[in-house]
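Each chain, written out:
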Amino acid sequence: MALVKTWYDLGAAAEKFGIKEATLKFWASEGLVRSEREDGNIVRVHIDDVRLQVADMIKEAESKS
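Note that the structure is a prediction, hence the values are computed from the model and not measured.

About the criteria used
Residue positions are given per chain, counting from 1 as you read along its sequence in written order. Given that this is a predicted model, residues contribute local features only at a pLDDT of at least 70 and side-chain atom pairs are listed and counted only at 80 or more, while totals for whole chains, interfaces and linings are drawn from all residues. With hydrogens and water excluded, all non-hydrogen atoms of the structure serve as input to the side-chain values. Two strands are counted as paired when DSSP detects at least two bridges linking them. Note on conventions: DSSP H or I runs of at least 4 residues are helices, E runs of at least 2 residues are strands, and numbering of each starts at the N terminus. Axis geometry follows a simple rule: fit a line to the C-alpha atoms, using only the stretch in contact for helices, then measure angles between N-to-C directions, giving values from 0 to 180 degrees. Here a residue-residue contact requires only that any non-hydrogen atoms of the pair lie within 4.5 Å. Classification of ring pairs rests on two measures: the distance between centres of Phe, Tyr or Trp rings, Trp counted by its six-membered ring, which must be within 6.5 Å, and the angle between planes, read as stacked under 30 degrees, edge-to-face over 60 and tilted in between. Put simply, a charge is over a ring when the Lys NZ or the Arg CZ is close to the ring centre, within 6 Å, and near the line of the ring normal, within 35 degrees. Per-residue confidence from the predictor is given as pLDDT, running between 0 and 100. Burial classes follow relative accessibility: with a 1.4 Å probe on protein chains only, a residue under 20% of its type's maximum area counts as buried, one over 50% as exposed, and anything between as partly exposed. The arc refers to the directions leading from the helix axis to the C-beta atoms. Here a polar contact means two N or O atoms within 3.5 Å. Within protein one must be a hydrogen donor candidate and the other an acceptor candidate, and residues neighboring in sequence count only if both atoms are side-chain atoms.

Okay, the sheet that holds strand E1 (residues 7–9) next. Judged by pairing direction, the sheet is antiparallel, and its three strands sit side by side in the order E1-E3-E2 without closing on themselves. Edge strands, defined here as strands with exactly one partner in the open sheet, are E1 and strand E2 (35–38). Ignoring which end each strand starts from, the neighbouring axes of this sheet average 35° apart. Helix H1 (residues 10–17) rests against E1 and strand E3 (41–46) of the sheet, and its axis sits at about 100° to E1.

Inspection of every chain in the model, using the stated rule, returns zero aromatic pairs. Residue placement shows lysine 5 over the ring face of tyrosine 8; its charged tip is 4.5 Å from the ring centre.

On to the confidence of the model for the protein, then. When pLDDT is averaged across the protein, the result is 93; 97% of the residues are at 70 or more. Taking the mean pLDDT of every element in the protein, the minimum, 95, falls on helix H3 (residues 47–64) and the maximum, 97, on helix H2 (residues 21–29).

Next up on the list: H1. When H1 is considered as a whole, its buried residues turn out to be Leu10, Ala13 and Ala14. The buried residues of H1 all sit within an arc of 100° when viewed along its axis, so they share a single face. Looking at the buried residues of H1, the elements they touch are E1, H2, E3 and H3. Its side-chain oxygen at 3.2 Å from the backbone nitrogen of glycine 11, aspartate 9 defines the N-terminal cap of H1. Directly beyond the C-terminal end of H1, a positive phi value near 65° is found at glycine 18.

In structure tokens form, the structure reads like this:
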């Protein structure tokens, strides 16, 4: 069984998808992506959830054009 990294810190996730950390924080605060918190701050996000949100964002942008 292969182990896959599923939790990324905010900076790494933002860089992977070319989005802003603020966007990730918003999605996490809205419950759209799972997140891990330390001292009340969002520090990691679940990359599969982020991938789904990015895909939805792309679909929405394509439908507007």
